[in-house]
Amino acid sequence: MISFYLNGKRHELTQLNPNTTVLEYLRLHEGQMDTKEGCGSGDCGACTVMVQRLPNANQSALNDENGDEKNATPPFYTINSCITLVSLMDGHHLMTASYLADNPEHHPERALLHPAQQAMVECHGSQCGFCTPGFVMSLACVYENNRMQTSQETASQNDAKQLSYDEVVASISGNLCRCTGYRPIIEAGLLMSDIGQQREAEQSAVKDLTISLATDAMASTKESIVSEHVPAETKLNNAESKAIAPAISDAGRQLYMPKSLDELNQVLAANPQATIWAGGTDLGLSVTQHLVDHEVIIQLSAVEALKSWSLLDTKSDSSDEGSDNEQAPSQSLVLGAGMSYQQMLPVLEQYFPSFAQVFERIASPQIRNMGTIGGNIANASPIGDLPPILLALDASIHLRHCASNSKESGNDLDNSDSVYTDEIIPLSEFFLDYKKTKLQAGSYVVAIHIPLMHDNQHLFIHKISKRYEDDISACLLAARIDVSVDGMTIEDARLGLGGMAAIPLLATTCQQALIGQAAEVASFEQASQVLSADVTPMTDVRASREYRSHVVQRLLVKCGKQLVAGRQTETA
Amino acid sequence: MSHHSSLFDSYSIRRVRPPKNKIGTSAKHDSAISHVMGTATYVDDIAKPQGTLHLAVGKSSHAHARVLSMDLSAVRDADGVVDVLSFKDLPAQTDIGAVFDGEPLMVDDITEYVGQTLFVVVATSHRAAKKAATKAVVEYETLPAVLSIDKALEQELFVRPSHFMKRGDAATALENAPIRIEGHIHMRGQEHFYLEGQVSYVVPCDDGGLEVYTSSQHPSEVQQLVAEVTDLPFHAVNTVVRRMGGGFGGKETQAAAWACLCGIIAKRHNVPVSMRLDRQDDMVVTGKRHEFANRYEVGLDESGRILGVDMQLAGLCGYAPDLSDAIVDRAMFHCDNAYYYPAAHVAGHRCKTHTVSNTAYRGFGGPQGLMTAEYMMDHIAYTLGQDPLQVRLANLYQDGQSTHYGQTIEHFDLAAIMTKLADDCDYDDRRQQILEANQKAAAEGSDKRLGLALTPVKFGISFTVQTLNQAGALVHIYTDGSIHLNHGGTEMGQGLYIKIAQIVANEFDVDLDTVKVSATRTDKVPNTSPTAASSGTDINGKAAQNACLNIKARILEFAAEHFDVAQEDIRFEKNHVYIGDKETLTFAEMIQLSYQNRISLSSTGYYKTPKIFYDRSKAWGRPFFYFALGAACAEVEIDTLTGEYKVLRCDVLHDAGQSINPAIDIGQIEGGFVQGMGWLTAEELIWNDKGKLASDSPANYKIPTAHDLPKQWNVKLYDRKNEEQTIYNSKAVGEPPFMLAASVWCALNNAVASLGDYKNNPELTMPATPEAVLKAVMRMQGTSWDLKTKVDTDTVDSLVKGAEENSDLFNEKAMPQDVRHAKDIDPKEVEGKQTDNQPNAIEHPNVAGARGPAHSE
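Residues numbered from 1 in each chain as written. Chains lettered and ligands numbered in written order. Predicted model: local features only at pLDDT ≥ 70, side-chain atom pairs only at ≥ 80, totals over all residues. Heavy atoms only, no water.

The next subject is helix α13 (residues 414-424) of chain B. All names here are of chain B. Within α13, burial applies to Leu-414, Ile-417, Met-418, Leu-421 and Ala-422. Projected onto a plane normal to the axis of α13, the buried residues spread over an arc of 130° and lie on a single side. Tucked into the core, α13 has its buried residues touching α12 (388-395), α14 (427-444), β16 (448-461), β27 (626-639) and β28 (645-655). (Buried < 20%, exposed > 50% of the residue type's maximum accessible area, 1.4 Å probe, protein only. Helix = DSSP H or I, 4+ residues; strand = E, 2+ residues; numbered from the N terminus. Arc of directions from axis to C-beta. Contact = heavy atoms within 4.5 Å.)

Listed below in structure tokens is the structure:
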């Protein structure tokens, strides 16, 4: 069974085609027409809905390990309902545009609108109106999170932080509008906190933040948006989980939702041909664009272990590239394969700031909320943005191969160790050919190991695409340049390339041309000349072979310029 | 801040509604609140009864081929399939060409583009229909496909005869000119990317008729075509369009096919039938903005003033005429933009290719003509080493001059607009600063360069097909004083409904919420023109005004007699009617009184645009009632290392006449500007060498996002009444601002030109993607674009092949090595072989086709 709240009402489902998307569920099953389909592929944001994890449902290991307040209200986030399986809503509250407004008389002129909606009306932020509900959800989400954050940070909630222009733009970067030219929508985003504050000032009682979204000035009896009265049975009984029955099924199609690695190992061993579903931001297209109905799906979202991260001490034998950094910390960041971009972001900001910076150009907020690091690697797309960066960072991948040929009958939890084998291999060995990897039937990605960088290592990432936001790379160059202690010599170089060939790859010839050279721009200029030995780019709809060849060379030179500029400005 | 509408006050309060002066100049969009709640109903949101059938089409996979056989048995056997129809099953008319025949509803024998409808599947759900449609086994005999403008010109393959406009002796002017410049420019098409895809829902009526809900800019055409394909009289088909989720021209003719298919199936099975195109299907099977390959030869005096111009415009029309005749005409009308060509020869070719039939798109060919002029201005400036703005100003039309098609230039404020804009945005100072900054950057070896450009827009307002310049409206006043309004225009987000409601409210001087705008219906207002050519408010607003005036005249006549006062002393003011000094009634009371005295409170209104005439056989006349004007100034920064760029600032001054609703008009300007910017910078429509659209989804066709706007963006309206007697002396504003985006492209061109000290034309192409900018930069720097290293073709092929094999799954399509660009063509050769013989056009010089009054431009 899966259970979730839709606009304040509890839904429990057991019989449902597992390939059903949230959008289909809303429009076809529930007749809820306030969410629109613009593209069906997660590119336009018209179908954006807002989601909040129900408190106490599934405890996030991420929060546990980092000592975050477990009692904190979970943040709101947006997703593309068109490519998200409805089963991913298990344990969540799903909200659509009409729910934000209070409209008991069913007349628009009498509705009391959410500040994001009110601001859109006042700023003339809608023209044809078709993309509008999606924009409203994106704006409402940033509004609510901002409000929640402000109230947690400051004792008095009078001074809600004003969103900046850039924050508003970032919040709607996954929403396309063809009518307005965005200016009034950005203006609405800038205005909404004023409206909210005015609303709050008009209220006598100070309300709980998350509840007030539903009750704020709405004078209704509507259930609160965070349904605090969620019964504990949201979580499946432990007794049930032993059987590992499908969470939902219909006409022979099944979806499993293992709750632990052990369960996952078993289910996968029993169903090696199953489609493994992480965030599904790419796989979702197989359902909506290619009309595939997957027979057996194993959804990873409930395996908390896959969403955790840790630091791991590693032996320094991995520094095989002959570097002699005596003080090498030899620690790796281990990212669970099921971590979404959004979950990784604070971790990367801490350990790989220049990696984190590029996130604003990878996909959209909606996609970053669902898409996982494991998924981005496992689908082996030549245009995934993470693999080239991870290649440059010398990351390894932890794979698990599950088999059903063990002596156990498969549902014996205690002996689950015996049904799988693990291997940790360099990521560079993982990609075999176009869309081909070391993953076999019954395999999955457990985690990614990224060696932490030393002070003398520098990471530069450059992405080229036609559009700045939410576009696929025509070329992505990630360069990790290791310099000597005095900063004058290049001791090692790792150059990851994406969007250039059938697989993400390392420019090994070019790397060799850099190693041992002076850390000067000229070295990079020279090395860029041999890039063509490493990759022969393709011409496609995103860029020509010529552009890719020229621009990747020039980006390498840019890395050199940045390296030199960085040395000149900083002391470390 | 309250959203409570006085219209929903209690009946007693409404009867004595106090004056609130709510007519409002910047009224909100009539659906703004339901938009933000998601409750505004689009066609696919209509609750459909159980048993509703859904359609999907089987699509041709070849650009040009004979269909040898179609095995549809697997389609019929698929889950949920109820019926499958192909060409032979069509019951009546099979061609749905908007103006000229040539667009079969389904392929009979020969398929002429990838995506053409081969058959239609009827199933119990949308998904079932789509799944089944993929199961057909079709055998083709491939035929040679023409996929580019140059190939079509070479083979003289046209969908319509070429057309020429001529003034003076251009050849002699060019020969005698001290300076001659030749150039060419290639513009790609543009996907409309309305957020709501094509959709129709047809319900059979108990009298055998059909109720058609569609997302169409042209309800009357849909009505007529559905009637024709189902063999019904027009009166039996009623088309209802409440709103569209965006149109931009893409739903002028291209909405009809799906309504026709639904209509046929609804008649055949006597159940409601629904059909919508998913995004990728929509992008593949519907027409787009025309790609153009244009060339020009211009003669100049030493100061840079134009003496004569010879231009050739060639539009890629696709396989069928659709609206291409009028679109290429409009490109020709606008190839002067705002500049005086003392002698001009303009040729316009309508190239036939084996691609989807291109169609109307905001500007309707105008932008492609205009960009040719602007490109030429840049070319002149950089050849002569002058400031492009000075070249533009020097060549601007002046009142009294006439265009190359004979229209006299009047009330031409463009010089004033450009000068004011230049002053307001400190053009001169900023230009100087940019020149210095670029010199400094060059000296320091920086990769950044700045560019600045100020460009004008002059856009002719009226359908160039004269018949279409008419409109109707229907106004009812009910006895509580509330007003119901219908008119022939459709709402696609542009705010037409609210503007016309404002006009009606203004005529009676009542609160805006007294007026209810309702869906556009062909049973309320018949024989409507498409909502296109920016004409929506101009013609429908006047028609609605006329309806109001009719009713008002009856009330005045009655009241004058009833109260025994002179008609001139009766005033409609602030929700009241003042009977001289004698008496004051609320509007509702006056309406009640009129009703009790048997005064008709309902009227139609009609309007036709005055003054216009145009003889196409002579290519001479006054096709436009007036010109909309505007100017924009853009500043950009490019990265010469990678070709990436940012738009830093834009200033816009646009002439909307006396604006009926400044907020709505500014919304049109900003939206049009960004759409134009998308066309000229990021949106790259690419077909592969098999005629298959490669940029077929939002994953690989990128319209602008919020990040792409200039952070500094000032949009102002130029405060001046239209001299012509338009509705409240306003000016049309739908299409003209699209072309303000020329400033962004020209600013990029300007930044690249800095690398050659502004003495060479950078030959920047369109759209100016980072790739295009880098290519132009490298050309200016004298660096070779072609790769020096020998390509290991085996490697390339294997990579591409590898990608292609799997590409069907995730859109990572491989492209041929050459993205085709139109080559220069020799205009003389083409000209010698083409004649202007167009019997239709000569017999009916102002009607492009003989179909019916409501068929589009």
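What follows is about the pattern of salt bridges. All chains considered together, the criterion is met by 74 salt bridges over all chains. Residues Arg548(A) and Asp540(A) are paired through a salt bridge, measuring 3.1 Å at the closest nitrogen-oxygen approach. In this structure Arg548(A) comes out as buried when scored by relative accessible area, which is 0%. We classify Asp540(A) as buried; its relative accessible area is 6%. Asp665(B) serves as the salt-bridge partner of Lys499(B), at 2.8 Å between the closest nitrogen and oxygen. One end of the pair, Lys499(B), is in helix α15 (residues 496-508); the other, Asp665(B), is in helix α18 (residues 662-682), with 166 residues separating them in the sequence. Taken together, the salt bridges that share partners define one network made up of Arg27(A), Lys36(A), Glu37(A), Asp44(B), Asp45(B), Lys48(B), Lys59(B), Lys130(B), Arg276(B), Asp278(B) and Asp281(B). (Salt bridge = Lys/Arg side-chain N within 4 Å of Asp/Glu carboxyl O.)

All names here are of chain A. Reading across the sheet, the 5 strands line up as β10-β11-β16-β12-β13 and stay open at both edges, with antiparallel pairing between neighbours. On the outer flanks of this sheet lie β10 (309-313) and β13 (420-426), each paired with one strand and no other. Across the sheet, the mean angle separating the axes of adjacent strands is 25° when strand polarity is ignored. As paired elements, β10 and strand β11 (residues 331-336) share 5 bridges and run antiparallel to each other. Bridge pairing in β11 places Trp-309 opposite Leu-335. (Pairing = 2+ DSSP bridges. Axes fitted to C-alpha atoms, helices over the stretch in contact; angles between N-to-C directions.)

Moving on, we get to the interface of chain B and chain A. In this assembly, 109 residues from chain B lie in contact with 98 residues from chain A. Together, the buried faces of chain B and chain A total about 8,800 Å²; carbon and sulfur atoms form 58% of this surface. Among the residues of chain B in contact with chain A, Val36(B), Met37(B) and Leu195(B) are the three that bury the most area, contributing 9% of the side total. The tally of links between chain B and chain A comes to 14 salt bridges. Here Arg276(B) ties to Glu37(A) by a salt bridge, and the two come within 3.6 Å at their closest N and O atoms. Breaking the side of chain B that touches chain A down by element, the ones donating at least two residues are α2 (32-37), α4 (126-133), α9 (279-285), α18, α20 (770-781) and α21 (793-810) of chain B. Looking at the side of chain B that touches chain A, the element that brings in the most residues is α21(B), giving 11 residues. (Buried area = accessible area lost by both parts, 1.4 Å probe.)

Quick look at the confidence of the model for chain B now. Residues and elements named next belong to chain B. In this model, chain B carries an average pLDDT of 90, and 89% of its residues clear a pLDDT of 70 or more. Across residues 1-8, where pLDDT falls below 50, the model places 28 contacts with residues more than four positions away in sequence or in other chains. Within the model, pLDDT remains below 50 along residues 14-23, and this stretch shows 36 contacts once partners closer than five positions in the same chain are excluded. (pLDDT = per-residue confidence, 0-100.)

So, about the packing of helix α7 (residues 219-230) of chain B against helix α8 (residues 256-269) of chain B. All names here are of chain B. Running from N to C, α7 and α8 cross one another at 40°; their axes reach a closest spacing of 9 Å. It follows from the interaxial angle that α7 and α8 lie oblique. Of the two possible hands of crossing, α7 and α8 adopt the one that is right-handed. Within the contact between the two elements, α7 uses Val-222, Leu-225, Val-226, Val-229 and Thr-230 and α8 uses Ala-256, Ala-259, Cys-260, Gly-263, Ile-264 and Lys-267. Residue classes in the contact of α7 with α8 are distributed as 8 nonpolar, 2 polar and 1 charged. (Parallel < 35°, antiparallel > 145°, perpendicular 65-115°, else oblique. Left-handed = near helix turned anticlockwise from the far one by under 90°. Nonpolar A, V, L, I, M, F, W, Y, C, P; charged D, E, K, R; others polar.)

Moving on, we get to unusual backbone geometry. The general pattern is negative phi for most residues beyond glycine and trans for most peptide bonds. A cis amide bond, omega -5°, links Met766(B) with the succeeding residue Pro767(B). Even without glycine at this site, His106(A) takes up a positive phi of about 55°. Mapped onto the elements, His106(A) comes out in the loop between α3 (97-100) and α4 (115-122). One non-glycine residue, Lys574(B), adopts positive backbone phi at about 45°.

Next up on the list: the sheet that holds strand β6 (residues 137-142) of chain B. Strand order in this open sheet of 3 strands is β4-β2-β6 (chain B), and the pairing throughout is antiparallel. Edge positions in the sheet fall to β4 (110-111) and β6 of chain B, since each has one partner strand and no second.

This part covers the nonpolar core. Counting residues in hydrophobic clusters, the biggest one holds 221 residues, and the most contacted among them are Met371(B), Met376(B) and Phe508(B). With 12 residues, the single largest contributor to this core is helix α16 (residues 536-563) of chain B. Not counting residues within four places of it along the chain, the set of residues in contact with Met371(B) comprises Ile185(B), Met187(B), Trp679(B), Leu680(B), Ala742(B), Trp745(B) and Met766(B). If you look at the next biggest cluster of nonpolar residues, it comprises 49 residues, including Ile362(A), Ile389(A), Ala395(A) and Ile461(A). (Core = buried A, V, L, I, M, F, W, Y, C linked by side-chain atoms within 4.5 Å.)

Once that is clear, we can look at the environment of Leu496(B). All names here are of chain B. Tracing the chain through its elements places Leu-496 in helix α15. Put simply, Leu-496 and Gly-541 are 45 residues apart on the chain and 8.8 Å apart in space, counted from C-alpha to C-alpha. The residues contacting Leu-496, other than those within four sequence positions of it, are His-487, Gly-489, Thr-490, Glu-491, Thr-531, Gly-536 and Thr-537.

With that settled, the discussion passes to the pairing of strand β14 (residues 306-318) of chain B. Residue and element names in this part refer to chain B. β14 sits mainly inside the fold: 11 of its 13 residues count as buried. Linking strand β13 (residues 291-300) back to β14 in an antiparallel pair, the connection comprises 5 residues, with Gly-304 at a positive phi of about 95°. Strand direction decides the pairing type here: β14 and strand β15 (residues 343-352), joined by 10 bridges, are parallel. Bridge pairing in β15 places Ala-314 opposite His-349. With helix α10 (residues 324-333) bridging β14 and the parallel β15, this β-α-β connection has right-handed handedness. (Right-handed = clockwise from strand over helix to strand, strands pointing away.)

Any pair of aromatic rings gets described here by the distance separating the centres and the angle formed by the planes. Residues and elements named next belong to chain B. Per the stated rule, a full pass over the model turns up 27 aromatic pairs over all chains. Aromatic side chains Tyr-113 and Tyr-319 sit 5.0 Å apart centroid to centroid with 35° between the ring planes, which places their arrangement in the tilted category. Separated by 206 residues along the polypeptide, Tyr-113 in the loop between β4 and β5 (117-123) and Tyr-319 in the loop between β14 and α10 bring together distant segments of the chain. Relative accessible area serves as the criterion here: at 7%, Tyr-113 is assigned to the buried category. The exposure class of Tyr-319 is buried, given its relative accessible area of 7%. In this structure an aromatic cluster arises from ring pairing among Phe-333, Tyr-405, Tyr-614, Phe-624 and Phe-627. (Phe/Tyr/Trp six-rings, centres within 6.5 Å; stacked < 30°, edge-to-face > 60°.)

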